[in-house]
Amino acid sequence: MGPGGIATIIAAASLFVIAVAVAYAVIRVGRFIDEAKVSLKAFTDDTTPLLTESTRTLELINSPLASFAKITKNVEEVTTKVTDATTGFMDKNGPAVKVAGALISAAQMSKGRKSKKKSD
């Protein structure tokens, strides 16, 4: 056997070692991918009920909020109507209301003076 035969044997042996190393790496990566797939499946199975329950909780929270929004809207409408009615009344009867307010204020002041005199 000459030097070319020995070189061929060394090259074949080194290619065999490289092939075994690559095969080992591929097997290890395959196992890693299988484990990752199993872990992802378990994670998905555990997370799905949690997401479903969270969605249900948000729905339960949003339903009273929707009712509260309706109530707020109704209160706003009533307030607007009362304001409009008051404004209309004041526009039509403004001077009479001012006089009545002044009379009520005077009556309260005289009532306050009378109660003050009685307490002295």
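Conventions we followed
- Residues numbered from 1 in each chain as written.
- Predicted model: local features only at pLDDT ≥ 70, side-chain atom pairs only at ≥ 80, totals over all residues.
- Heavy atoms only, no water.
- Helix = DSSP H or I, 4+ residues; strand = E, 2+ residues; numbered from the N terminus.
- Rg over C-alpha atoms; globule rule 2.2 N^0.38 Å.
- Buried < 20%, exposed > 50% of the residue type's maximum accessible area, 1.4 Å probe, protein only.
- Areas by Shrake-Rupley, 256 points an atom, 1.4 Å probe, with all protein chains shown as cover.
- Lys, Arg positive; Asp, Glu negative; His and termini not counted.
- Charge placed at Lys NZ, Arg CZ, Asp CG, Glu CD.
- Salt bridge = Lys/Arg side-chain N within 4 Å of Asp/Glu carboxyl O.
- UniProt positions renumbered as here; feature names shortened; annotations may be inferred.

Caption draft 1: Examining the overall build of the chain more closely. Looking only at helices and strands, one finds 1 helix and 0 strands in the chain. In terms of C-alpha radius of gyration, the chain reaches 45 Å, well past the compact-globule figure of 14 Å for 120 residues. Taking all 120 residues of the chain together, the buried fraction comes to 1%. Accessible surface, the chain as shown: approximately 10700 Å² in total, 70% of it carbon and sulfur. Once the 16 positive and 11 negative side-chain charges of the chain are each reduced to a mean point, those two points are 18 Å apart.

Caption draft 2: Representation of the pattern of salt bridges in the model. Under the counting rule described, the total for this entry stands at 2 salt bridges. Aspartate 45 is the partner of lysine 41 in a salt bridge, and the nearest nitrogen-oxygen pair spans 3.4 Å. In this pair, lysine 41 and aspartate 45 both sit in helix α1 (residues 3-119), 4 residues apart, roughly one turn of the helix. Exposure remark for aspartate 45: the relative accessible area of 41% places this residue in the partly exposed category. Residue glutamate 59 pairs with arginine 56 through a salt bridge whose shortest N-O separation is 3.6 Å. One end of the pair is glutamate 59 and the other is arginine 56, both in helix α1 and 3 residues apart, which spans about a single turn. Given the relative accessible area of 45%, glutamate 59 is considered partly exposed.

Caption draft 3: Layout of the UniProt feature "transmembrane region" (unreviewed entry) in the chain. When the UniProt feature table is mapped onto this chain, "transmembrane region" (unreviewed entry) is found at residues 6-27. The span residues 6-27 is 100% helical and 0% strand by assignment, and the distance between its end C-alpha atoms comes to 31 Å.

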